[in-house]
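For reference, the chains in residue letters:
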Amino acid sequence: MAFKGKAVDSKTVLFNLLLCLLIFYSLFYIIGSVCFGAFRLYHFDGLIPFDFKTEPAESNSKYLVNLLSLELTYFCSGLLFAAVVKRRVWDYALTVTLLHVMITSLVMLEFPMVWQWWLALGSGLFLMICNGQLIAYFTCQSDQSYASFSIY
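Since this is a predicted model, take the numbers as computed values, not measurements.

Cut-off values and rules
- Residues numbered from 1 in each chain as written.
- Predicted model: local features only at pLDDT ≥ 70, side-chain atom pairs only at ≥ 80, totals over all residues.
- Heavy atoms only, no water.
- Phe/Tyr/Trp six-rings, centres within 6.5 Å; stacked < 30°, edge-to-face > 60°.
- Buried < 20%, exposed > 50% of the residue type's maximum accessible area, 1.4 Å probe, protein only.
- Axes fitted to C-alpha atoms, helices over the stretch in contact; angles between N-to-C directions.
- Helix = DSSP H or I, 4+ residues; strand = E, 2+ residues; numbered from the N terminus.
- Parallel < 35°, antiparallel > 145°, perpendicular 65-115°, else oblique.
- Left-handed = near helix turned anticlockwise from the far one by under 90°.
- Contact = heavy atoms within 4.5 Å.
- 1 Å grid on protein atoms, 1.4 Å probe; cavity = no way out; pocket = protein on both sides within 12 Å on 5 of 7 lines; lining within 4 Å.
- Points joined across faces, edges and corners; volume = space filled by probe spheres on them.
- Nonpolar A, V, L, I, M, F, W, Y, C, P; charged D, E, K, R; others polar.
- Core = buried A, V, L, I, M, F, W, Y, C linked by side-chain atoms within 4.5 Å.
- Expected span 1.5 Å × (residues − 1).

## Brief notes about the packing of aromatic side chains
Taken as a whole and assessed by the stated rule, the structure comprises nine aromatic pairs. Measuring from ring centre to ring centre gives 5.7 Å for Phe-111 and Trp-118, while their planes differ by 40°; the resulting arrangement is tilted. The partly exposed category is assigned to Phe-111, whose relative accessible area is 47%. Three or more aromatic residues joined by ring pairs make a cluster, and in this case those are Phe-24, Tyr-25, Phe-28, Phe-50 and Tyr-74.

## What about the packing of helix H1 (residues 10-38) against helix H3 (residues 89-108)?
Axis separation between H1 and H3 bottoms out at 10 Å; the angle between their running directions is 60°. Regarding the angle of H1 to H3, the classification is oblique. Considering only the axes of H1 and H3, their crossing is right-handed. Residue-level inspection shows Val-13, Asn-16, Leu-17, Cys-20, Leu-21, Phe-24, Tyr-25 and Phe-28 of H1 in contact with H3, the latter providing Tyr-92, Thr-95, Val-96, Leu-99, His-100 and Ile-103.

## Remarks on empty space enclosed by the protein
Scanning the model with the defined rule gives one cavity of 30 Å³ or more in all. Roughly 170 Å³ of volume is contained in the largest cavity. Considering the residues around the largest cavity, the lining is formed by 16 residues, among which Asp-51, Phe-52, Tyr-63, Asn-66 and Trp-117 are closest to the centre. At the level of elements, helix H2 (61-85) and helix H4 (115-139) are the ones that each hand at least two residues to the lining of the largest cavity. A total of four residues in the lining of the largest cavity trace back to one element, the largest contributor, which is H2. A class-by-class count of the residues in the lining of the largest cavity yields eleven nonpolar, three polar and two charged.

## Some remarks on the packing of H1 against H2
In contact at an axis separation of 8 Å, H1 and H2 are set at 145° when each is read in the N-to-C sense. With respect to the hand of their crossing, H1 and H2 are arranged in right-handed fashion. Looking at the contact of H1 with H2 residue by residue, the class counts come to 19 nonpolar, five polar and one charged.

## Overview of the nonpolar core
Residues Phe-24, Tyr-74, Phe-81 and Val-96 are the most contacted members of the largest nonpolar core, which totals 32 residues. Those elements that place two or more of their residues in this core are H1, H2, H3 and H4. For this core, the element with the most residues is H1, which contributes eleven residues. Ignoring sequence-local partners within four residues, the contact set of Phe-24 consists of Thr-73, Tyr-74, Ser-77, Phe-81, Val-96, His-100 and Met-128.

## Regarding the layout of surface pockets
In this structure, the largest pocket spans a volume of roughly 170 Å³. In terms of lining, the largest pocket is formed by Val-8, Thr-12, Val-13, Asn-16, Val-85, Arg-87, Arg-88, Asp-91 and Tyr-92. At the level of secondary structure, the elements contributing two or more residues to the lining of the largest pocket comprise H1 and H3. Per element, the largest residue contribution to the lining of the largest pocket is three residues, and it comes from H1.

## Notes on H2
A rise of 1.5 Å per residue sets the reference length of H2, with its 25 residues, at 36 Å; its end C-alpha atoms lie 35 Å apart and thus fit the reference within 8%. Phi turns positive one or two residues past the end of H2, at Lys-86, with a value near 65°.

## Some thoughts on unusual backbone geometry
What is expected of a backbone is that most residues other than glycine have negative phi and most peptide bonds are trans. Notably, Lys-86 is not glycine yet its phi reads approximately 65°, a positive angle. The topology assignment puts Lys-86 in the loop between H2 and H3. Residue Leu-109 is not a glycine yet carries a positive backbone phi of 55°. Relative to the helices and strands, Leu-109 resides in the loop between H3 and H4. When its relative accessible area of 76% is taken as the criterion, Leu-109 is described as exposed.

Worth remembering: the numbers are spatial, not functional.
As structure tokens, this is what we get:
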């Protein structure tokens, strides 16, 4: 079975990737600051997207803010990625997540080894892919050039 899709210019892919990264981190800081305010925390550090060192506990408000911010960011990013790229949201979601892990390692000067962080990241990625891909599929159903799920 041959792929009958239209080839996309590498400049377009790079532009879309940069736009998705901008959306992802902008949403992360917006959602993170709202969650900090909602939980009445007083010290907002700029490391909220990269903080995997906070002690995971239900009684730790900063951990709950980090977790909630991560999940809500991934949920909303999937919806916005569908509006930007209109197809192959899963590809951009995976790429942005891999770049996020690399940037997190660089910022924190350590590779994340906390299994709770990986679990939250994986579930967020699953949410992002499912939401974004479904939105892209249903909004682009009338577009004849939209690839069906069987090609993926």
